[in-house]
Amino acid sequence: MTIRTRFAPSPTGNVHIGNIRAAIYNWLFSRHGGGEFLLRIEDTDLERSTPAAVKTVLDSLAWLGLTYDGEPLYQSTQKARHLEVAEMLLSKGAAYKEDKGGTGKGECIIFKMPGKDISFHDEVKGDLSKKAEDLKDFVIVRSDGSPVFHLGNVVDDITMGITHVIRGDDHVENTFKHMAMYEAIGAPAPKFAHLPMIVNAQGKPYSKRDGAAYVGEFQEKGFLPEALFNSLALLGWSPGDDREVMTREEMVAAFTLDRVRSAPSQLDMTKLLWMNGEHLKRHGPDEIVAGCRAAMQRQGRWRDGIDPAYFRAVVACMGERVRLYGDVGEQAAFFFDDEFPYDEKSVKKRLLKEGAIGILREELAALEAVEPFTAAATDAALHALGERTGRQMGDLVHPVRVAVSGTGVGPGLFDMLATMGKERVVRRIRRTLSIYGG
RNA sequence: GACCCCAUCGUCUAGAGGUCUAGGACACCAGGUUUUCAUCCUGGUAACACGGGUUCGAUUCCCGUUGGGGUCGCCA
């Protein structure tokens, strides 16, 4: 039997990382086994399941490269089938009608638990069982005639021929109900695997207030999809050796359900950032430039006047300091704006220091004479100035750095100067001198 | 509360009775490289929740305790 898994989100406008991790595991598992990965949109809540919400799901899957087979099945189209099964259950005596709780809203259809203990083998948690007295009958069709989650979920999985249901831990209790339904319907039950939750530092389910919790947020921040994919895959699963930074293909090859842990785990942003940097190293300059530009546009920092060649040079100059696409916009904004702000501490430490302004004037003169304005040439010019005046390089480098960037941290000074070009450097040093030169 | 599940460094994990003086990664600390920061290199700190068993021998198996989580809807 070929493996067939599915991802069955209910579109709410956001795709939670716990949810997408389930999708990743389903995808990895089916691809590893040469099977299929299907998509079902559980859009029965018409209020929330707007086209935009559905698009969010589709976009998140596409961004992460979670390709699905065939067309997505929209659960709302299956209502007749669900009700048909409910009627069948009714006629079999496996379900009954009742005005539950005497609401007066009319009768709903309730599934009757078989009155026996139910157990199943979970592919990650092992054998699970529940006593008959702990299992209660439950509604499968509301009094308004609409099918409830349990009914739709089970019927659709049967319709789609799902062989493995890999889902969140919060569904284990449901699985006992679902097992009973498969039996009553007379369909073979799929295998189940329940994934531990992603929790926060307090051990509670990871939510928006713990940081980015939705796929879209990671995308906006400029994370690489393969880095998020890799990190999420490693949250609860490991290949068994010491590999961590892996490609999609490597993960597909190594993925098995028996290597999935059953204990909840925390998402460590710092490690995610590191992971992102590792994956970034595998990208070519063109991709990185494009990614950084897109991030700057999202940040609202991009301006049409920015010269593409200059932008490219800046990204190259930032080099491995870029761990996130958004870093260029946040840490290298001064490259693009001559009116950059000055960091007070750096100014105090480097420019307002005894003699610093005088040094800066000498440096300006020296730099103006450099031609061509390369990193090596500016380096040589300042070295020469240092030797001539008996000053340490540190005393020469820092004032210039602050004068052209406003901050004390950044790429190597000479690379930075060469990237900016003589004209810009001179202009900036003059501006600084006019502000702090007295 | 009832039922179910979980428990190795701060975090993610390896470990499926002796190979464990418990390995790796991130983070952290120290040193080196460097004009700053980052990178990079070297080294270091740091864990089997507790108590009983089983066994010649338990991180590994069993039971209990403690702690944590999940579920108890005409939500999904």
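Criteria and thresholds
- Residues numbered from 1 in each chain as written.
- Chains lettered and ligands numbered in written order.
- Predicted model: local features only at pLDDT ≥ 70, side-chain atom pairs only at ≥ 80, totals over all residues.
- Heavy atoms only, no water.
- Near = heavy atom within 4 Å.
- Polar contact = N/O pair within 3.5 Å; in protein donor to acceptor, adjacent residues only side chain to side chain.
- Helix = DSSP H or I, 4+ residues; strand = E, 2+ residues; numbered from the N terminus.
- Nonpolar A, V, L, I, M, F, W, Y, C, P; charged D, E, K, R; others polar.
- Pairing = 2+ DSSP bridges.
- Axes fitted to C-alpha atoms, helices over the stretch in contact; angles between N-to-C directions.
- Domains from an automatic or database assignment.
- Buried area = accessible area lost by both parts, 1.4 Å probe.
- Salt bridge = Lys/Arg side-chain N within 4 Å of Asp/Glu carboxyl O.
- Buried < 20%, exposed > 50% of the residue type's maximum accessible area, 1.4 Å probe, protein only.
- Contact = heavy atoms within 4.5 Å.
- Core = buried A, V, L, I, M, F, W, Y, C linked by side-chain atoms within 4.5 Å.
- Phe/Tyr/Trp six-rings, centres within 6.5 Å; stacked < 30°, edge-to-face > 60°.

1. Notes on the protein's contact with RNA strand B
So, point 1. In the vicinity of RNA strand B lie 59 residues, with K100, R142, K204, E320 and V397 positioned nearest.
So, point 2. Atoms of RNA strand B within 4 Å of the protein: sugar and phosphate make up 71%, bases the balance.
So, point 3. Here a phosphate oxygen of RNA strand B and a backbone polar atom of F149 are 3.2 Å apart.
So, point 4. Between R259 and RNA strand B, the recorded distance is 3.0 Å, taken from a side-chain N or O atom to a phosphate oxygen.
So, point 5. Secondary-structure elements contributing two or more residues to the surface near RNA strand B are β7 (126-130), α4 (149-160), α5 (172-185), β12 (265-266), α9 (269-280), α16 (393-405) and α17 (413-420).
So, point 6. Residues that form the surface near RNA strand B fall into these classes: 16 nonpolar, 20 polar and 23 charged.

2. Points about the sheet that holds strand β5 (residues 108-111)
So, point 1. One open sheet accounts for three strands, arranged β4-β5-β8; its pairing is antiparallel. Because the sheet does not close on itself, it has two edges, and the strands there are β4 (95-98) and β8 (138-141). For this sheet the average axis-to-axis angle between neighbouring strands, irrespective of direction, equals 45 degrees.
So, point 2. Sheet analysis places β4 next to β5, joined by four bridges and oriented antiparallel. Residue pairing across strands places Y96 opposite I110, the latter belonging to β5.

3. Concerning the domain arrangement of chain A
So, point 1. Examined at the domain level, chain A breaks down into domain 1 (4-66 + 198-271), domain 2 (75-195), domain 3 (283-336) and domain 4 (344-436).
So, point 2. Across the interface of domain 3 and domain 4, roughly 780 Å² is buried in total on both sides, 69% from carbon and sulfur atoms.
So, point 3. It is Y310, C317 and F334 that lose the most area in domain 3 upon contact with domain 4, and together they represent 64% of the buried surface on that side.
So, point 4. Across the contact surface, domain 3 and domain 4 share zero salt bridges.
So, point 5. Here domain 3 and domain 4 share three residue pairs in polar contact (both at pLDDT 80 or more) between them.

4. Brief notes about the side chain of R6
So, point 1. Residue placement: R6 occurs in strand β1 (residues 4-7).
So, point 2. Under the relative-accessibility criterion, R6 is labelled buried at 5%.
So, point 3. Reaching out from R6, the side chain makes a polar contact with the side chain of N153 at a distance of 3.5 Å.

5. Some thoughts on the sheet that holds strand β3 (residues 73-74)
So, point 1. Within the open sheet, the three strands sit side by side as β1-β2-β3. Their pairing is parallel. Each edge of the open sheet carries a strand with a single partner, namely β1 and β3.
So, point 2. Pairing of β1 with strand β2 (residues 36-41) involves four bridges; the strand directions are parallel. Looking across to β2, one finds that T5 is bridged to F37.
So, point 3. Here helix α1 (residues 17-32) sits on the sheet and contacts β1 and β2; the angle it forms with β2, its principal contact strand, is near 150 degrees.

6. Focus: the environment of A201
So, point 1. Structurally, A201 is set in the loop between β11 (198-199) and α6 (215-221).
So, point 2. Through-space distance from the C-alpha of A201 to that of T103 is 42 Å; in sequence the pair is 98 residues apart.

7. As for the environment of E226
So, point 1. Structurally, E226 can be placed in helix α7 (residues 225-233).
So, point 2. Residues contacting E226, with those up to four places away along its chain left out, are R248, H279 and H283.
So, point 3. A polar side-chain atom of E226 sits 2.5 Å from a polar atom in the side chain of H283.

8. Considering the nonpolar core
So, point 1. Counting residues in hydrophobic clusters, the biggest one holds 103 residues, and the most contacted among them are F311, F335 and I429.
So, point 2. Take this core: its biggest share by element is nine residues, from α1.
So, point 3. Not counting chain neighbours up to four residues away, the residues in contact with F311 comprise V289, C292, R293, M296, W302, I306, V328 and F336.
So, point 4. Counting residues in hydrophobic clusters, the runner-up holds 33 residues, among them I140, M160, F176 and A180.

9. Focus: the packing of aromatic side chains
So, point 1. Applying the stated criterion to the full structure yields 16 aromatic pairs.
So, point 2. Judged by centre distance (5.3 Å) and plane angle (65 degrees), the ring pair of Y25 and F255 falls under edge-to-face. You can see Y25 sitting in helix α1 and its partner F255 sitting in the loop between α8 (248-254) and β12, a full 230 residues away along the chain.
So, point 3. The class for Y25 is buried, based on a relative accessible area of 0%.
So, point 4. Overall, F255 belongs to the buried group, its relative accessible area being 0%.
So, point 5. Geometrically, the ring pair formed by W27 and F229 is edge-to-face, given 5.8 Å between the ring centres and 85 degrees between the ring planes.

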